[in-house]
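Residue-level listing of the chains:
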Amino acid sequence: MTTEFSYLTFSVFEISDFNLFVDTVKVIFKKQLITGKAEIYSEIPNPNGWVNPQSGGSHFPKFSCWQNKIYPDKVFFISNYEDGLSNVCRIIQKHLRCNIITCALSNETETDNPFFKFYFSNSNLEERLIQAYKEDRWIFYEEGKPLSFENLDYYKRRRITDRLNNNIIREYMIRLGIRRCIGKAARRKSCCIQCSERP
């Protein structure tokens, strides 16, 4: 996982068929692809090109998805939106009916408003969400049934920054069998979608 960033959001789909994943993306963006308002092409994603996404939604969406040799049963997804294009991810998941994990990481020394998020949804679309973020003050939020690997004692800590942070998210990812997410592991397959209109 890349370590030099202020803010980073990514998703992991638990699916081994990369071609099916890409075909699903093509179905979802069929209108945009036909009208030339989106293009799909092969690209080897560079992690440094996706960290610190632009805030707001005034820019056109772009996202990359890939499969690597370490995790042939997973597809990784990253975008140029702060929320990780969560609406697009949900639509893809509903089509594929697979598990999805979405994480948001922050570097507290590089941003005034850190945001940490761990989200899991299974093939039945049952959701678990945990967030810790700073606006005027720190806020902790959770919904859904806790997952078996979670340490619920973390959420009882006095300091909200100790309830969910980069280290805890990494711990949860490791418990899900994922040690390297956004790094330089050899890619087996990859593609990129660039849109010229907003989602």
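These numbers were taken from a predicted model, which means no experiment stands behind them.

**Student:** Could you clarify how one ought to interpret empty space enclosed by the protein in this entry?
**Tutor:** Rolled over the atoms, a probe sized like a water molecule indicates the empty space that remains. Under the counting rule described, the total for this entry stands at two cavities of 30 Å³ or more. What the largest cavity holds in volume is close to 70 Å³. Residue lining of the largest cavity: Ser 86, Cys 89, Arg 90, Gln 93, Ile 100, Thr 102, Lys 117 and Tyr 119, and that is the complete set. The greatest single-element share of the lining of the largest cavity, amounting to four residues, is contributed by helix H3 (residues 86-96).

**Student:** Would you mind going over the packing of helix H1 (residues 18-28) against H3 with me for this structure?
**Tutor:** Two numbers describe a pair of packed helices, the interaxial angle and the distance between the axes. At a minimum axis distance of 10 Å, the contact between H1 and H3 shows a crossing angle of 120 degrees. Crossing geometry of H1 relative to H3 is assigned as right-handed. For the pair H1 and H3, contact is made by Leu 20, Phe 21, Thr 24, Val 25 and Ile 28 and by Ile 91, Ile 92, His 95 and Leu 96, respectively. Classifying every residue of the contact of H1 with H3 gives seven nonpolar, two polar and no charged.

**Student:** What exactly am I supposed to notice about the pairing of strand E4 (residues 75-79) here?
**Tutor:** On a regular strand, one side chain projects to one face of the sheet and the next to the other, so that they alternate. Within E4, five of the five residues are buried, which leaves it mostly tucked inside the rest of the structure. The sheet contact formed by strand E1 (residues 7-13) and E4 spans four bridges and is antiparallel. Its bridge partner lying in E4, Phe 10 is registered against Ile 78. Counting the residues that bridge the hairpin from strand E3 (residues 62-68) to E4 gives six residues.

**Student:** Any chance you could explain helix H4 (residues 166-175) here in plain terms?
**Tutor:** Taken residue by residue, H4 has Asn 166, Ile 168, Ile 169, Tyr 172 and Met 173 as its buried positions. Summarising the axial view, the buried residues of H4 lie within an arc of 165 degrees, below the 170-degree limit, and thus occupy one face. Here the buried face of H4 lies against E1, strand E5 (100-106), strand E6 (115-121) and strand E7 (127-134). In this structure Asn 165 caps H4, since a side-chain oxygen of it lies 3.1 Å from the backbone nitrogen of Asn 167. Positive backbone phi, approximately 90 degrees, marks Gly 177, located one or two places after H4.

**Student:** Mind showing me how you'd approach the environment of Leu 152 here?
**Tutor:** Along the chain, Leu 152 turns up in the loop between strand E8 (138-143) and H4. Expressed as a C-alpha distance, the spacing of Leu 152 and Arg 163, which sit 11 residues apart in the sequence, is 9.1 Å.

Thresholds, definitions, all that
Residues numbered from 1 in each chain as written. Predicted model: local features only at pLDDT ≥ 70, side-chain atom pairs only at ≥ 80, totals over all residues. Heavy atoms only, no water. 1 Å grid on protein atoms, 1.4 Å probe; cavity = no way out; pocket = protein on both sides within 12 Å on 5 of 7 lines; lining within 4 Å. Points joined across faces, edges and corners; volume = space filled by probe spheres on them. Helix = DSSP H or I, 4+ residues; strand = E, 2+ residues; numbered from the N terminus. Axes fitted to C-alpha atoms, helices over the stretch in contact; angles between N-to-C directions. Left-handed = near helix turned anticlockwise from the far one by under 90°. Contact = heavy atoms within 4.5 Å. Nonpolar A, V, L, I, M, F, W, Y, C, P; charged D, E, K, R; others polar. Buried < 20%, exposed > 50% of the residue type's maximum accessible area, 1.4 Å probe, protein only. Pairing = 2+ DSSP bridges. Arc of directions from axis to C-beta. Polar contact = N/O pair within 3.5 Å; in protein donor to acceptor, adjacent residues only side chain to side chain.

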